[in-house]
Amino acid sequence: MNQRAGSFPLRVVTQDVLLALFVTVMQVQGTLARVAADGAARPLTELTGLGLALLVVSGLAVAGRRRWPAAVFATTALASLVYYGLDLPDGPGWLALFVSLYSLTAYGDGRRSLVIAGAGIAVLAAGWLPAAADIKPHAAIGWVFFRIGASVMSAALGESVRSRRVIAAEAQARAELAERTREEEARARVDAERLRIAREVHDTVAHAIAIINVQSGVTAHVLDKRPEQAREALRAIEQTSSRALREMRAILGVLRDDGDGRVPPAGLDQIGELAAKAREAGLEVTLDAAPPATPLPSAVGGAAYRILQEAITNVIRHAGPTRVTVALTSGIDLLEIRVTDEGRRAASEDRAASEDRAASGDRAASGSRTADRPSGEPGRGIAGMRERCRLLGGDLDARPTPAGGFEVTARLPFAPSGSRA
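Treat the numbers as computed from the prediction; the structure is a model and nothing was measured. (Residues numbered from 1 in each chain as written. Predicted model: local features only at pLDDT ≥ 70, side-chain atom pairs only at ≥ 80, totals over all residues. Heavy atoms only, no water.)

Points about the overall build of the chain
Next up, step 1: In terms of helices and strands, the chain carries 13 helices and five strands.
Next up, step 2: Taking all 421 residues of the chain together, 40% fall into the buried category.
Next up, step 3: A fraction of 75% describes how many contacts in the chain between residues 6 or more apart in sequence connect residues 24 or more apart.
Next up, step 4: For the chain, the exposed surface amounts to about 22500 Å²; the carbon and sulfur share of it is 61%. (Helix = DSSP H or I, 4+ residues; strand = E, 2+ residues; numbered from the N terminus. Buried < 20%, exposed > 50% of the residue type's maximum accessible area, 1.4 Å probe, protein only. Contact = heavy atoms within 4.5 Å. Areas by Shrake-Rupley, 256 points an atom, 1.4 Å probe, with all protein chains shown as cover.)

As structure tokens, this is what we get:
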């Protein structure tokens, strides 16, 4: 708001110079006209033109009213005190003073400018009133009170303009801040949606690829000896890939404006199908899931399904054929999910079961050989499951078991209460 320390546009400087010339002419011409019309006890040109000099100096000082408002006010106030203290002819010699008072409060810095203006007006009144004690006629003293009142009004008008300018600037700043906040919130929502889509895509693709990998290994192993089993494996690949494509269309459907091709989101009502696919991939799945007493929130059901899907996918990729227990416990306000596997089978058990695997298509053996992740490669499975839990205010625990297996435990509250993990 305060531009005193900076440069002003040429247009503004020109306006102030023209205003200063106008005020100077008005003060000099008006006072001369007043003297010519009413006469004066002391001519204006007395004291070697001191009166004219005071009127000219105070008028020209207005040219610097924006850059040096306090100095301009001090100049015009001093000129007024000297002028009326010498009992020179009255006239519109107060124009520059009123303009400088307005400029002081309008372009000043608020409280300090008001203090300077108030103190200056008090000094001016103390100088004007004694100088007018012997004025004739006595009614002319009203002009003194006019100068005092007009000075107060000029300062008040300038403060009003400054306050409105400050309020407008603050409103604009708030509007800009609100706009930036809206943009940041929009970017945050976009980032959150991008992260959600990435998690969904990861879980869907990883699960489908793990099963397809196992089934393709089975197909390659039994294609020549047992074509019927190869056909079953290819059918499983077809079904898995088809379902993965449907889920991908549903996940990416949020990027479209219409609802074509969308399917309902995954939930715990599809857990039986998930277990069946895991069994086709060579896992021995034991499912212990009692129906919940109350319907689960859709967000909880979807997150629970994806956590189960990712946990089973990790078993297929890293443990191969093994026994897996899936337990779902629904409380009053919490759903607990536990997926426990027994780890890789011992070599002796593998040898004992080799004939059985050959008879059944050797699905698990092929999966065990081809689905392992290279050691040291970082994964996003557990991190993704933990993020899903945190979004709902739950927590997740994933750790090896003493028997050599692995256990994933997730707790999902029905009512989000903030991150607890």
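Remarks on a nonpolar patch on the surface
Next up, step 1: A cluster of nonpolar side chains, contributed by L10, V13, V17, L18, L21, V56 and L60, occupies part of the molecular surface with about 590 Å² of accessible area.
Next up, step 2: Residue assignment for the nonpolar patch shows that the elements contributing at least two residues are α1 (10–38) and α2 (46–60).
Next up, step 3: Top element by residues in the nonpolar patch is α1. It accounts for five residues.
Next up, step 4: Relative to the helices and strands, L10 resides in helix α1. (Patch = residues over 30% accessible without salt bridge, like charges linked within 9 Å, V, L, I, M, F, W, Y side chains within 5 Å. Salt bridge = Lys/Arg side-chain N within 4 Å of Asp/Glu carboxyl O.)

Regarding the sheet that holds strand β1 (residues 284–289)
Next up, step 1: Here five strands make up an open sheet; going across it, the order is β1-β2-β3-β5-β4 and the pairing mixed. The open sheet has two edge strands with one neighbour each: β1 and β4 (395–400). Going across the sheet, the axis of each strand differs from the next one's by a mean of 10 degrees, ignoring polarity.
Next up, step 2: Packed onto the sheet, helix α8 (residues 271–280) meets β1 and β2 (323–330) and runs at close to 165 degrees relative to β1.
Next up, step 3: Across the sheet, helix α9 (residues 298–318) is in contact with β2, β3 (334–341), β4 and β5 (406–413); its angle to β3 comes to roughly 10 degrees. (Pairing = 2+ DSSP bridges. Axes fitted to C-alpha atoms, helices over the stretch in contact; angles between N-to-C directions.)

Overview of the nonpolar core
Next up, step 1: Judged by nonpolar contacts, the single largest core of 35 residues is most densely connected at L283, L308, V326, I337 and L412.
Next up, step 2: Breaking this core down by element, the ones donating at least two residues are α6 (142–222), α8, α9, β2, β3, α13 (381–391) and β5.
Next up, step 3: Broken down by element, this core gets its largest block of residues, ten residues, from α9.
Next up, step 4: For L308, the residues in contact, after removing those within four places along its chain, are L268, I271, L274, V326, L328, I337 and V339. (Core = buried A, V, L, I, M, F, W, Y, C linked by side-chain atoms within 4.5 Å.)

Notes on the packing of aromatic side chains
Each pair of aromatic rings is reported with the distance of its centres and the angle of its planes.
Next up, step 1: A complete count under the given rule lists four aromatic pairs for this structure.
Next up, step 2: Here the aromatic rings of Y83 and Y84 are separated by 5.2 Å at their centres, their planes lie at 80 degrees, and the arrangement is edge-to-face.
Next up, step 3: In this structure Y84 comes out as buried when scored by relative accessible area, which is 8%.
Next up, step 4: Residues W94 and F98 carry aromatic rings whose centres are separated by 5.4 Å and whose planes lie at 25 degrees to one another, so their mutual orientation is stacked. Comparing W94 with F98, the two get one shared label, buried.
Next up, step 5: An aromatic cluster of at least three residues, connected via ring pairs, comprises W94, F98 and F146.
Next up, step 6: The ring of W68 carries the charged tip of R67 above its face, separated from the ring centre by 5.7 Å.
Next up, step 7: Positioned over the ring face of Y84 is R147, at 3.8 Å from the centre of the ring. (Phe/Tyr/Trp six-rings, centres within 6.5 Å; stacked < 30°, edge-to-face > 60°. Lys NZ or Arg CZ within 6 Å of the ring centre and 35° of its normal.)

Observations concerning helix α3 (residues 69–85)
Next up, step 1: Taking 1.5 Å per residue as the helical rise, α3 with its 17 residues ought to reach 24 Å, and the 24 Å between its terminal C-alpha atoms agrees with that figure.
Next up, step 2: Three or more residues of α3 are buried, namely P69, V72, F73, T76, A77, A79, S80, Y83 and Y84. Buried residues of α3, viewed axially, fall in a sector of 165 degrees; they line one side. The exposed set on the far side of α3, more than 90 degrees from its buried face, consists of L78 and G85.
Next up, step 3: Following α3 by one or two positions, D87 has its phi on the positive side, about 60 degrees. (Expected span 1.5 Å × (residues − 1). Arc of directions from axis to C-beta.)

Some words on the pairing of β3
Where a strand is regular, its side chains alternate between the two sheet faces.
Next up, step 1: Burial along β3 is one-sided: the residues L335, I337, V339 and D341 are buried and none of L334, E336, R338 and T340 is.
Next up, step 2: What sits between the antiparallel neighbours β2 and β3 is a turn of three residues.

Observations concerning the environment of L335
Next up, step 1: In this fold, L335 is placed in strand β3.
Next up, step 2: With residues up to four places along the chain from it excluded, the contact list for L335 reads L268, L296, V300, A304, T329, S330, A410, R411, L412 and F414.

Re α8
Think of an α-helix as 3.6 residues a turn; residues three or four steps apart then line up on the same face.
Next up, step 1: Buried within α8 are the following residues: I271, L274, A275, K277 and A278. For α8, the angular spread of the buried residues around the axis is 160 degrees, confining them to a single face.
Next up, step 2: Backbone geometry just after α8 places G282 at a positive phi near 105 degrees.

A few points about the environment of A230
Next up, step 1: Inspection of the secondary structure puts A230 in helix α7 (residues 227–252).
Next up, step 2: As for A230 and G217, which are separated by 13 residues in sequence, their C-alpha atoms are 9.7 Å apart.

Brief notes about the pattern of salt bridges
Next up, step 1: Going through the model one piece at a time under the given rule, you end up with eleven salt bridges.
Next up, step 2: A salt bridge links R162 to E159, with the shortest nitrogen-to-oxygen separation between them at 2.9 Å. Placement of both R162 and E159 in helix α6 is noted, with a separation of three residues, approximately one turn of the helix. Comparing R162 with E159 shows no difference in burial state: the two are buried.
Next up, step 3: Among the salt bridges present, the one from R411 reaches D395, with a minimum N-O distance of 2.8 Å. One end of the pair, R411, is in strand β5; the other, D395, is in strand β4, and 16 residues separate them in sequence.
Next up, step 4: For R411, a relative accessible area of 24% gives the class partly exposed.
Next up, step 5: Taking relative accessible area as the criterion, D395 reaches 17% and is therefore assigned buried.

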